[in-house]
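Chain and residue survey
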Amino acid sequence: TPIIREIDGRTQMIFSGSKHIISLNPHDGSENWKIEGPTEQFVASMVYDGKLLFMAAGFPTYHVMGIKPDGRGDVTESHIAWHATNAKCYVPSPVVVGEHLIVADDRGTANCFVAATGDRLWQERLGNHFSNSLVTANGLAYLVADDGLTKVVRPGEKLAVVAENPLGERCYSSPAIAHGCFFIRGEKHLFCIGEK
């Protein structure tokens, strides 16, 4: 899914796809900048923290990147702020929480990177498998595993799981947050979690 942001005095529509990461002007389709590679297939959506764009991709090789969004033309050699190949994320979109980037591996582990530098602070198993994209609220990251177990994580130098909640059924869709409620679509039910 593309994201549209006002960056560097331009409206940028940024997305990743077959062997490219690209920023287009959504008004006329003209190219702002592009990065060649780093792999063939992308599923996760880009995220932005106000300074860097972040992408995760995973087939046939795995990559997580921090990208400077102020370039022009081909910026493959000049605008990759950092590049990690040690997180096996393919499907779930990552999330930025404060100064941290949380990336979930499809295989059930999660990674916490320093967003500005790409230094990985930790990698821990938090679920059986992740298909769902991550969401954030109140300085926390929410990771819903395929078996419906949700773990709430406070990003930082060390892993801090502040809550763990089983849904009671499998879940492959990304949660949504609106009106002070947490919405999750499981295999059999739509759940709304919040204060009555």
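In the block above lies the structure referred to throughout.
Here is a short report on the structure shown in this document. Bear in mind that the values here come from a model prediction, so they are computed numbers and not experimental data.

1. Observations regarding the side chain of T39
Topologically, T39 is positioned in the loop between strand 4 (31-36) and strand 5 (47-48). Within polar-contact distance, the side chain of T39 engages the backbone oxygen of F59 at 2.9 Å. A distance of 3.1 Å separates polar atoms of two side chains, one belonging to T39 and the other to T61. Setting aside its immediate chain neighbours within four residues, T39 contacts K19, A57, F59, P60, T61 and H63.

2. Remarks on the pairing of strand 12 (residues 109-114)
The buried fraction of strand 12 amounts to five of the six residues, a majority that puts the element mostly inside the structure. As paired elements, strand 11 (residues 100-104) and strand 12 share five bridges and run antiparallel to each other. Each residue of the ladder has a partner; that of I102, found in strand 12, is C112. In this structure, the hairpin formed by strand 11 and strand 12 is closed by a connection of four residues, where G108 is found at a positive phi of approximately 110°. Examined bridge by bridge, strand 12 and strand 13 (residues 120-125) share five bridges and lie antiparallel to one another.

3. Let's talk about the packing of aromatic side chains
If you walk through the whole model with that rule in mind, you get four aromatic pairs. Judged by centre distance (6.1 Å) and plane angle (45°), the ring pair of F54 and W82 falls under tilted. Residue F54 is located in strand 6 (residues 53-57), and its partner W82 is located in strand 9 (residues 80-84); the two are separated by 28 residues in the primary sequence. You can call F54 buried: its relative accessible area is 0%. Residue W82 is classed as buried on the basis of its relative accessible area, which comes to 6%. Judged by centre distance (5.1 Å) and plane angle (40°), the rings of Y142 and F182 are tilted. Of this pair, Y142 sits in strand 15 (residues 140-144) while F182 sits in strand 19 (residues 181-185), and the two are 40 residues apart along the sequence. Here the aromatic cluster, defined as three or more aromatic residues joined through ring pairs, consists of F54, W82 and F113.

The rules behind each value
- Residues numbered from 1 in each chain as written.
- Predicted model: local features only at pLDDT ≥ 70, side-chain atom pairs only at ≥ 80, totals over all residues.
- Heavy atoms only, no water.
- Helix = DSSP H or I, 4+ residues; strand = E, 2+ residues; numbered from the N terminus.
- Polar contact = N/O pair within 3.5 Å; in protein donor to acceptor, adjacent residues only side chain to side chain.
- Contact = heavy atoms within 4.5 Å.
- Buried < 20%, exposed > 50% of the residue type's maximum accessible area, 1.4 Å probe, protein only.
- Pairing = 2+ DSSP bridges.
- Phe/Tyr/Trp six-rings, centres within 6.5 Å; stacked < 30°, edge-to-face > 60°.

What is shown is where atoms sit, not what they do.
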